[in-house]
Amino acid sequence: MRGYRAMTIAEIKLFLREPFSIVFVLVFPLMMMMLLSAVFGNDQEEAQAVENGILVWRGVTPVNYYTAASVAVIIAALGLMTLPINLAGYREQGILKRLRASSVPAWVVFSAQLTVALLTFIAGTIIMGIVAWLVYDAMLPEDPLGVIVAVLVGTATFGALGMLLATVIGSSRAAQGIGLLLFFSMWLICGSAPPRAVLPSGLRDFSELLPLTHLVHAIQDPWYGFGWSWSGLAVLTAFAIAAAIPALWFFKWD
Amino acid sequence: MASVISVENLQKSYGSVVAVEDVSFSVEAGEIFGILGPNGAGKTTTVECLQGLREANGGTLRVFDLDPQTQTDTLRRRIGSQLQDSALPGRMKVEEALRLFAAFAHNPVDPDELIARWRLEAQRDQAFDSLSGGQRQRLFIALAFVNAPELVFLDELTQGLDPQARRATWELIREIREQGTTVVLVTHFMDEAEYLCDRLAVVDGGRVIALDSPQGLINSLELPVVVRFSTEAEDLSWLEELEVVDQLSRREAAVEIQGTGPVLALVAAELVAHGIVPADLRADRPTVEDAFLALTGQTIRG
Ligand SMILES: Nc1ncnc2c1ncn2[C@@H]1O[C@H](COP(=O)(O)OP(=O)(O)OP(=O)(O)O)[C@@H](O)[C@H]1O
Ligand SMILES: [Mg+2]
């Protein structure tokens with residue numbers, strides 16, 4: 001624990017000295033939320049809009065839809081981009097090797113990164129919530145506990161996916177490319193950009209297999225008071241376990 | 001007492017590249033053991049296998065009677081490492097780095113003491129990125145000692161250090177040995193090897209080609225001693241009759257004698273007997289560098 005604390009404090013300091021490395025992760029979801037909310041508005045009539053036999057906005061206004069979805073987007077961006085880029089960079093520069101030679105366990109390296117990601121995420125969510133609430137009069141979570149649980153499960157899932165990417169991908173440049181690609185393709189088809197109702201049915205079915213779709217639901221459902229998305233949480237947990245085991249098992253230090 | 005390190009027939013390949021073909025040696029407690037060899041000889045690979053940082057393909061490795069491959073965690077508590085290629089996060093400050101690493105040590109040394117000993121006071125709050133090469137090196141050496149190790153691996157100890165810092169580092173390494181720490185030192189500097197090491201393994205092409213004390217290495221190769229002096233005397237043929245003298249050459253007053261064995265003493269005695277007492281009589285003894293070049297050949301190889 002002493003080691004975990006020291007590592008986390010060190011990582012927080014490093015992050016504060018170079019906060020812009022992460023601006024994208026915070027600014028992009030916020031910008032998209034504002035943009036999409038401005039386009040689709042906060043009209044109660046929209047809430048009941050139907051396309052392809054599906055409620056387009058899940059029975060809430062577009063603003064509310066995007067506020068909750070964007071929380072999921074921050075988590076995905078941290079897991080798919082920030083984590084693997086940081087870890088691959090550490091490996092490439094020989095930092096991981098230096099840490100390992102001094103008895104720093106892999107879980108400490110990971111969990112310190114995850115903690116910083118979670119703190120960033122909390123900051124990002126608070127900003128997002130305030131903006132949405134002030135500017136667009138969006139609803140705040142009906143069931144905050146349910147949202148928190150979904151966020152924690154989602155962080156574990158995308159954290160594990162990020163570690164898996166860092167394990168599989170050798171260089172930080174490759175991590176950047178692959179992370180960006182994965183992030184944007186998920187962002188586009190998982191209901192966080194266009195609502196899934198307007199997607200062609202094949203794409204919609206495919207997005208059912210992706211973790212971000214389930215995270216969006218797992219956060220939206222308690223947010224709007226629809227209850228907990230047990231199936232979403234279950235799928236996310238399965239993803240977390242399936243990613244974490246090979247990530248820790250095959251992790252390369254140099 | 002059992003050896004601190006024993007390596008038998010270590011073998012390590014990277015794909016089709018054989019980095020270490022067959023390396024065996026042992027290191028005793030309290031020793032400064034040097035590993036010398038040309039670029040790509042397999043020195044770093046060998047010491048990193050011993051630290052459990054790379055996996056050997058074959059051979060038996062024991063460090064403190066532990067297996068570096070399987071008992072890595074126990075082993076790492078007792079050893080210190082200065083790696084040839086490693087880094088710290090660019091924005092991490094010197095003092096922070098020492099405190100961070102101390103948090104993982106079982107028996108940590110006070111970071112302030114390390115900062116003072118390795119003369120990093122002025123860099124205490126400087127970020128790793130902004131340190132000069134020599135300052136980084138001193139930080140890495142300090143990090144190797146943060147857990148008060150019983151055995152320390154130093155891979156290219158003084159790379160990038162200026163002459164003063166090198167000297168100072170040598171003295172500190174000797175001091176550390178006096179306190180009972182065993183040292184394994186990989187180096188390219190012959191003066192360093194000669195000055196510090198009790199025994200030296202010369203590695204070439206993934207094999208140990210010689211293993212002895214620095215003086216023992218030189219003696220075993222029977223390298224020529226060169227004795228020089230100047231004299232106006234015309235006839236020196238009587239010197240050539242000495243058994244230790246192989247060759248005598250002169251350019252005007254300057255005389256150069258090549259020989260093996262106690263050349264200086266015998267030449268000096270003979271000169272005095274003939275009433276010649278040159279003020280500039282001196283001998284250039286073969287150095288570890290001569291031995292190294294003789295052993296590994298003088299060409300650059302891959
Ligand atoms: N990770 C690696 N992957 C592939 N080949 C490697 C790797 N590490 C080392 N080698 C190769 O193994 C051989 C031995 O390398 P090693 O680093 O042990 O040499 P060294 O004696 O430390 O050399 P130097 O004096 O240049 O540091 C070299 O031919 C090198 O190219
Ligand atoms: Mg080397």
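Residues numbered from 1 in each chain as written. Chains lettered and ligands numbered in written order. Predicted model: local features only at pLDDT ≥ 70, side-chain atom pairs only at ≥ 80, totals over all residues. Heavy atoms only, no water.

Some words on the overall build of chain A
Okay, so step 1: Scanning chain A for helices and strands turns up ten helices and two strands.
Okay, so step 2: Ordered by position in the sequence, the α and β elements of chain A form the string α-α-β-β-α-α-α-α-α-α-α-α.
Okay, so step 3: Computed over the C-alpha atoms, the radius of gyration of chain A is 18 Å, within 12% of the 18 Å expected from 2.2 N^0.38 for a compact globule of 254 residues.
Okay, so step 4: For the C-alpha atoms alone, the extent of chain A along its principal axes is close to 60 × 40 × 30 Å.
Okay, so step 5: Here chain A, with 254 residues, has 54% of them falling under the buried criterion.
Okay, so step 6: Here the analysis covers contacts within chain A between residues at least 6 apart in sequence; of these, 77% occur between residues at least 24 apart.
Okay, so step 7: Counting only carbon and sulfur atoms, one obtains 71% of the accessible surface of chain A, whose full area is about 11000 Å².
Okay, so step 8: One way to put it: in chain A the 13 positive side-chain charges average out to a point 23 Å from where the 14 negative ones average out. (Helix = DSSP H or I, 4+ residues; strand = E, 2+ residues; numbered from the N terminus. Rg over C-alpha atoms; globule rule 2.2 N^0.38 Å. Buried < 20%, exposed > 50% of the residue type's maximum accessible area, 1.4 Å probe, protein only. Contact = heavy atoms within 4.5 Å. Areas by Shrake-Rupley, 256 points an atom, 1.4 Å probe, with all protein chains shown as cover. Lys, Arg positive; Asp, Glu negative; His and termini not counted. Charge placed at Lys NZ, Arg CZ, Asp CG, Glu CD.)

Observations concerning the nonpolar core
Okay, so step 1: Among the nonpolar cores identified, the biggest contains 131 residues, and Phe158, Leu212 and Ile219 of chain A together with Trp118, Leu139, Phe145 and Ile173 of chain B are the most heavily contacted of them.
Okay, so step 2: The dominant element in this core, judged by the number of residues it contributes, is helix H3 (residues 62-93) of chain A, at 18 residues.
Okay, so step 3: Contact partners of isoleucine 173 of chain B, with chain neighbours within four places excluded, come to Ile32, Trp118, Phe145, Leu154, Leu157, Val183 and Leu196 of chain B.
Okay, so step 4: Within the second largest apolar cluster, 26 residues are counted, among which are Val7, Phe25, Leu61 and Val63 of chain B. (Core = buried A, V, L, I, M, F, W, Y, C linked by side-chain atoms within 4.5 Å.)

Details of the sheet that holds strand E13 (residues 282-284) of chain B
Hydrogen bonds between backbone groups are what pair the strands of a sheet, and the pairing can be parallel or antiparallel.
Residues and elements named next belong to chain B.
Okay, so step 1: With antiparallel pairing, the four strands of this open sheet are ordered in space as E11-E12-E10-E13. Two strands bound the open sheet, and with one partner strand each, they are strand E11 (245-251) and E13. Averaged over all neighbouring strand pairs, the angle between strand axes comes to 20 degrees, with direction disregarded.
Okay, so step 2: Sheet analysis places strand E10 (residues 225-230) next to E13, joined by three bridges and oriented antiparallel. By the bridge assignment for E13, valine 227 is matched with alanine 283.
Okay, so step 3: Running over the sheet, helix H10 (residues 263-273) touches E10, E11, strand E12 (254-259) and E13 and is turned about 30 degrees from E10. (Pairing = 2+ DSSP bridges. Axes fitted to C-alpha atoms, helices over the stretch in contact; angles between N-to-C directions.)

A look at unusual backbone geometry
Okay, so step 1: Backbone geometry places asparagine 52 of chain A, a non-glycine residue, at a positive phi of 50 degrees.
Okay, so step 2: Turning to its location among the elements, asparagine 52 of chain A is positioned in the loop between strand E1 (50-51) and strand E2 (54-55).
Okay, so step 3: Backbone geometry at aspartate 65 of chain B places phi at a positive 65 degrees, although glycine is not the residue there.
Okay, so step 4: Position of aspartate 65 of chain B among the secondary structure elements: in the loop between strand E4 (58-63) and helix H2 (72-78).
Okay, so step 5: With a relative accessible area of 57%, aspartate 65 of chain B lands in the exposed category.

Notes on the domain arrangement of chain B
Okay, so step 1: For chain B, the domain assignment lists domain 1 (3-219) and domain 2 (224-285).
Okay, so step 2: Computed from C-alpha coordinates alone, the two centres of domain 1 of chain B and domain 2 of chain B are separated by 43 Å. (Domains from an automatic or database assignment.)

Section: the packing of helix H1 (residues 2-17) of chain A against helix H5 (residues 106-136) of chain A
Residues and elements named next belong to chain A.
Okay, so step 1: Direction vectors running N to C along H1 and H5 enclose 50 degrees, while the axes themselves pass 9 Å from each other. Put simply, H1 runs oblique to H5. Viewed along their axes, H1 and H5 form a crossing whose handedness is right-handed. Where H1 approaches H5, its residues Gly3, Tyr4, Met7, Thr8, Glu11, Ile12 and Phe15 are matched on the opposing element by Trp107, Val108, Ser111, Ala112, Gln113, Thr115, Val116, Leu119 and Thr120.
Okay, so step 2: Looking at side-chain class alone, the contact of H1 with H5 contains nine nonpolar, six polar and one charged residues. (Parallel < 35°, antiparallel > 145°, perpendicular 65-115°, else oblique. Left-handed = near helix turned anticlockwise from the far one by under 90°. Nonpolar A, V, L, I, M, F, W, Y, C, P; charged D, E, K, R; others polar.)

Quick notes on the environment of alanine 69 of chain A
Residues and elements named next belong to chain A.
Okay, so step 1: Its place among the elements puts alanine 69 in helix H3.
Okay, so step 2: As for alanine 69 and isoleucine 219, which are separated by 150 residues in sequence, their C-alpha atoms are 7.3 Å apart.
Okay, so step 3: Once residues within four sequence positions are removed from consideration, alanine 69 is found in contact with Gly191, Ser192, Val216 and Gln220.

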